[in-house]
Amino acid sequence: MKQTVLITILALTTFFAWQSLVARSGQAADPIPDNTAAKNFTIVLIPPSDAALPVMLKAEVPNAKELGRKPYAYFYADWCGPCKALRKSLDDADPLMMDAFRGTYIIQLDADTWGKKLEGTEFTVKAIPVLFELDNNGKPTGHRIDGSAWGEDIPKNMAPPLKAFFLKSAKM
C-alpha cells in the first residue's frame, strides 16, 4: 500500500514538472517574483528552459522599466558561500544592503544550470556571485561586479562596492 502511494505521488510530481517544462518550452519563462519588491528593489528567478537566455533577459527589461528599476543579471549557485551570504543579508533586510540595492531589478540565474547555455552570449562567468548591468535589449553593457570586490561576506563589506556599482550604472 505504501509503495503504491509513493509511486502515485512520484508519478504526479513528474507529470506536473513535465507539464511546466512543456508550457515554457520555446518562450520566455515567467519569473518567480520574490518578496523583495516591497523593499525598493525586485528579485526574480528565471528557471532554465529551452528558450535562449538573451531572449528571456530582453523580455525582463520592460518589467524592470515599468517598475522604474535598472535591470541586472545575477549569476549565483546554491553551494556558493558568498552567494548565500549576499542572499541572507537581503532576506534579513539588512539596512546597508537595502540601501545598496535600491532601484534595482535583479534577475537571478543559477550558474550551474545556465552556465552551460552561455556559449554564444556576451556573458562570461568566471567567478560567482557576479552581477552584470543590462542594456535596453537585455545584453550586458560590460559593467559588472563579482564577489572579489569585497572582503569578508558581511553587509558592511558587501554593501559599499555594490552600492557604488549600482550608482555608477544608474548614471551611465
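The model shown is predicted, which means the values in this text are computed figures rather than measured ones.

Engineer: I tried to follow the overall build of the protein chain on my own but got confused; where do I start?
Structural biologist: Along the protein chain, the regular secondary structure elements total six helices and six strands. Its helices and strands taken in sequence order, the protein chain reads α-β-β-α-β-α-α-β-α-β-β-α from the N to the C terminus. Burial status across the protein chain gives 40% buried among its 172 residues.

Engineer: What should I look at first to understand unusual backbone geometry in this one?
Structural biologist: Residues other than glycine predominantly adopt negative phi, and peptide bonds predominantly adopt the trans conformation. The amide bond that connects Ile128 to the next residue, Pro129, takes the cis arrangement and shows omega of 0 degrees. Along the chain, the position of Pro129 falls in the loop between helix H5 (111-114) and strand E5 (130-134). Phi is positive for Ala93, which is not a glycine, with a value near 55 degrees. Classification of Ala93 by relative accessible area gives partly exposed; the value is 34%.

Engineer: Would you explain helix H3 (residues 81-91) in this entry?
Structural biologist: Note: α-helices contain 3.6 residues per turn, so residues at a spacing of three or four share the same orientation. Within the sequence span of H3, burial applies to Cys83, Ala85, Leu86, Ser89 and Leu90. Along H3, the residues classed as buried sweep out an arc of 165 degrees about the axis, all on the same side.

Engineer: What should I look at first to understand the nonpolar core in this one?
Structural biologist: Across soluble globular proteins, you tend to see nonpolar side chains buried next to one another. Phe75, Leu86, Phe101, Leu109, Phe123, Leu131 and Leu162 are the most contacted members of the largest nonpolar core, which totals 43 residues. Not counting residues up to four positions away in its chain, the partners in contact with Leu131 are Tyr72, Ala73, Tyr74, Ile106, His143, Arg144, Ile145, Leu162, Phe165 and Phe166.

Engineer: Sorry, what's going on with the environment of Leu131 here?
Structural biologist: Inspection of the secondary structure assignment puts Leu131 in strand E5. For the pair formed by Leu131 and Tyr72, sequence separation is 59 residues and the distance between their alpha carbons is 6.2 Å.

Engineer: I tried to follow the pairing of strand E3 (residues 70-76) on my own but got confused; where do I start?
Structural biologist: Regular strands have side chains that alternate between both faces of the sheet. Of all seven residues in E3, seven are buried; the element is thus mostly enclosed. A two-sided burial pattern is seen for E3, the buried positions comprising Lys70, Tyr72, Tyr74 and Tyr76 on one face and Pro71, Ala73 and Phe75 on the other. Here four bridges tie E3 to E5, and the two strands are oriented antiparallel to one another. Following the sheet pairing, Tyr74 is matched in E5 by Leu131.

Engineer: Explain the confidence of the model for the protein chain to me, please; I cannot follow it from the model alone.
Structural biologist: Predicted coordinates in areas of low pLDDT are best not read in detail. Mean pLDDT over the protein chain stands at 80; residues scoring 70 or higher make up 76%. Confidence drops under pLDDT 50 across residues 2-37; counting only partners more than four residues distant or on other chains, this segment forms 33 contacts.

Engineer: Whenever I open this one, helix H2 (residues 53-66) confuses me. Can you help?
Structural biologist: Between its terminal C-alpha atoms H2 stretches 21 Å, which fits the 20 Å expected from 14 residues at 1.5 Å a residue. A positive backbone phi angle near 75 degrees is found at Gly68, which sits one or two residues after H2.

Engineer: Looking at this structure, how should I read the side chain of Gln108?
Structural biologist: Mapping Gln108 onto the fold places it in strand E4 (residues 104-110). Those residues in contact with Gln108 that sit more than four places away from it in its chain are Ile43, Val44, Leu45, Ile46, Tyr74, Tyr76 and Arg87.

Engineer: It is not clear to me how the pairing of E5 should be interpreted in this structure. Could you clarify?
Structural biologist: In terms of residue burial, E5 counts as a mostly covered element, since five of its five residues are buried. The pairing of E5 with strand E6 (residues 140-146) spans four bridges and is classified as antiparallel. The residue of E6 that forms the bridge with Leu131 is Ile145. In this antiparallel pair of consecutive strands, E5 and E6, the connection spans five residues, and Gly138 shows a positive phi of 80 degrees.

Engineer: Would you mind showing me how to read the pattern of salt bridges here?
Structural biologist: Oppositely charged side chains can form a pair if their charged atoms are brought close together. In this structure the tally under the stated criterion is six salt bridges. Linking Arg102 and Asp99 is a salt bridge whose minimum nitrogen-to-oxygen distance equals 3.7 Å. The partner of Asp99 in a salt bridge is Lys163, with the nearest N and O atoms 2.5 Å apart. Here Asp99 is found in helix H4 (residues 95-101), whereas its partner Lys163 is found in helix H6 (residues 155-171), with 64 residues between them in sequence. Three or more residues are tied together by salt bridges with common partners; here these are Asp99, Arg102 and Lys163.

Conventions we followed
Residues numbered from 1 in each chain as written. Predicted model: local features only at pLDDT ≥ 70, side-chain atom pairs only at ≥ 80, totals over all residues. Heavy atoms only, no water. Helix = DSSP H or I, 4+ residues; strand = E, 2+ residues; numbered from the N terminus. Buried < 20%, exposed > 50% of the residue type's maximum accessible area, 1.4 Å probe, protein only. Arc of directions from axis to C-beta. Core = buried A, V, L, I, M, F, W, Y, C linked by side-chain atoms within 4.5 Å. Contact = heavy atoms within 4.5 Å. Pairing = 2+ DSSP bridges. pLDDT = per-residue confidence, 0-100. Expected span 1.5 Å × (residues − 1). Salt bridge = Lys/Arg side-chain N within 4 Å of Asp/Glu carboxyl O.

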